[in-house]
Amino acid sequence: MKRVITTLAILLVVIVAGMTALVLLVNPNDFRSYMVKQVEQRSGYRLEVSDDLRWHVWPKLSILAGRMSLTAPGASQPLVTAENMRLDVNLWPLLSHQLSVSQVMLSNAVVRATPESEPQQPQNAPIAPGRSDAAAPASGWSFDISQLRVANSLLIWRQPGGEEYNFRNLNLNLNQDERHLANIELSTSLTRNQRNATLSLKGQLDAAQYPQRLSGKIDELTYALSGANIPPQGIKGTLSAQGSWRADTQQFTLSQMQLSANDSALTGEATGSLTPPQQLALQLHATQLNFDNLMANAPQIRNSGEQHATVARSHGRPASRAR
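Residues numbered from 1 in each chain as written. Predicted model: local features only at pLDDT ≥ 70, side-chain atom pairs only at ≥ 80, totals over all residues. Heavy atoms only, no water.

Just to check I follow, could you spell out the overall build of the chain for this structure?
Along its length, the chain carries 3 helices and 17 strands. Classification of the 323 residues of the chain by burial places 27% in the buried group. Taking the contacts inside the chain whose residues are at least 6 apart along the sequence as the reference set, 46% of them involve residues at least 24 apart. Accessible surface computed for the chain: about 21200 Å², of which carbon and sulfur atoms make up 54%. (Helix = DSSP H or I, 4+ residues; strand = E, 2+ residues; numbered from the N terminus. Buried < 20%, exposed > 50% of the residue type's maximum accessible area, 1.4 Å probe, protein only. Contact = heavy atoms within 4.5 Å. Areas by Shrake-Rupley, 256 points an atom, 1.4 Å probe, with all protein chains shown as cover.)

Okay, here's the thing in structure tokens:
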């Protein structure tokens, strides 16, 4: 037992000494120009980091940065701005002068999905291919990001000519493999026109053909609606489906939908477009449906000892009143 404790203590001392030496000998600001260059070469987006980079060694070896922004080519506004950015890096590749980023975390970020933040092609510019392999680094460095976390952030979404929606309390966890298949966990809330909406989502995303096309699966989406013109008890439920999105037509499709709303249950399909005027086509089949529990002006049940009901008979016979 003493040998095991001694071995563990030696390993701990070696790890602490190695990380301390790394912090003292390697300046994280040496990676700044490399990261900016790699992001621009691989995506065309411009990365800006305002403050100095610094090490953070617990609980993970990380590089901390202050305010950052990511801007698409030709865009007038950045796609992403954040007050804080953290890069979790792998130790062993770093010792051999390879920057391997296992996770990027953004805190207090603002994500703009608006026409002003979209890439703008110069006039008479050639059309780029749908997706090309990332160019190999010119030096002996490598660059890899597989996880993304966004915490306590804001998503601003607006289509050309449409209204603006602010999704607050945005939290996102995304784990992506080398085939661009990702597992996603997302939660956010929206307040608009005296109505409140909250949702949380778990699912998978296939981004192999991004930005032309996205496809994926919603394992479970939990939502809640409350506020003006909504029943006092609100509307709550879940949704699961398979879906796809095409950027050229701005259209989406949902299949194998299973939707619940209060005590109602529906299945079906949906197609729609987000470009103004927005369109939505639904084909739903109800296995259980209670409109009274979904309508704000549903008639209230009277607590009287005597109930009356009117039953209409067929073949033109007069209606009879049952008591």
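Whenever I open this one, a nonpolar patch on the surface confuses me. Can you help?
Together, Leu 280, Leu 282 and Leu 284 give the surface a local cluster of nonpolar side chains, amounting to about 290 Å² of exposed area. Its location among the elements puts Leu 284 in strand E15 (residues 279–288). (Patch = residues over 30% accessible without salt bridge, like charges linked within 9 Å, V, L, I, M, F, W, Y side chains within 5 Å. Salt bridge = Lys/Arg side-chain N within 4 Å of Asp/Glu carboxyl O.)

What's the story with the confidence of the model for the chain in this structure? I'm lost.
Atom-level detail of predicted coordinates should not be read off regions where pLDDT is low. Averaged over every residue, the pLDDT of the chain is 81; the share at 70 or more is 77%. Across residues 130–143, confidence stays below pLDDT 50; counting only partners more than four residues off in sequence or on other chains, it has 27 contacts. Here residues 300–323 scores under 50 on pLDDT; set against residues more than four positions off or in separate chains, the count is 15 contacts. (pLDDT = per-residue confidence, 0-100.)

Help me understand the nonpolar core, please; the structure alone is not making it clear to me.
Nonpolar side chains in soluble globular proteins tend to end up buried together. Within the largest apolar cluster, 30 residues are counted, with the highest numbers of intra-cluster contacts made by Met 35, Met 85 and Leu 106. Of all elements in the fold, only helix H2 (32–43), strand E1 (46–49), strand E3 (62–65), strand E5 (80–89), strand E6 (101–113), strand E8 (165–176) and strand E9 (181–192) reach the threshold of two or more residues within this core. Take this core: its biggest share by element is 5 residues, from E5. (Core = buried A, V, L, I, M, F, W, Y, C linked by side-chain atoms within 4.5 Å.)

Help me understand the side chain of Arg 158, please; the structure alone is not making it clear to me.
Tracing the backbone through its elements, the reader meets Arg 158 in the loop between strand E7 (147–157) and E8. Engagement of the side chain of Arg 158 in a polar contact is seen with the side chain of Glu 116, the distance being 2.6 Å. (Polar contact = N/O pair within 3.5 Å; in protein donor to acceptor, adjacent residues only side chain to side chain.)

Can you walk me through the pairing of strand E14 (residues 264–273) in this structure?
Across a regular strand the side chains alternate sides, sitting on one face of the sheet and then on the other. Judged from the 9 bridges that link them, strand E13 (residues 251–261) and E14 form a sheet pairing that is antiparallel. Each residue of the ladder has a partner; that of Met 257, found in E14, is Gly 268. Taking the residues that link successive antiparallel strands as the turn, the E13-E14 hairpin has 2 residues, and the phi of Asn 262 there is positive, at about 55°. Direction of pairing for E14 relative to E15: antiparallel, over a ladder of 9 bridges. (Pairing = 2+ DSSP bridges.)

Honestly, the pattern of salt bridges in this entry has me stumped. Any pointers?
A side chain of one charge can pair with a side chain of the opposite charge when the charged atoms of the two come close. Counted under the stated rule, the structure contains 10 salt bridges. Two residues, Arg 67 and Glu 83, come together in a salt bridge whose shortest N-O distance is 2.7 Å. Here Arg 67 is found in the loop between E3 and strand E4 (68–71), whereas its partner Glu 83 is found in strand E5, with 16 residues between them in sequence. The partner of Asp 88 in a salt bridge is Arg 86, and the shortest N-O contact between them spans 3.0 Å.

What is the right way to read the pairing of E6 from this model?
Relative to E6, E5 is paired through 9 bridges, and the arrangement is antiparallel. By the bridge assignment for E6, Arg 86 is matched with Met 105. For E6 and E7, the ladder comprises 8 bridges, and the chain directions are parallel. Of the residues in E7, the one forming a bridge with Met 105 is Arg 149.

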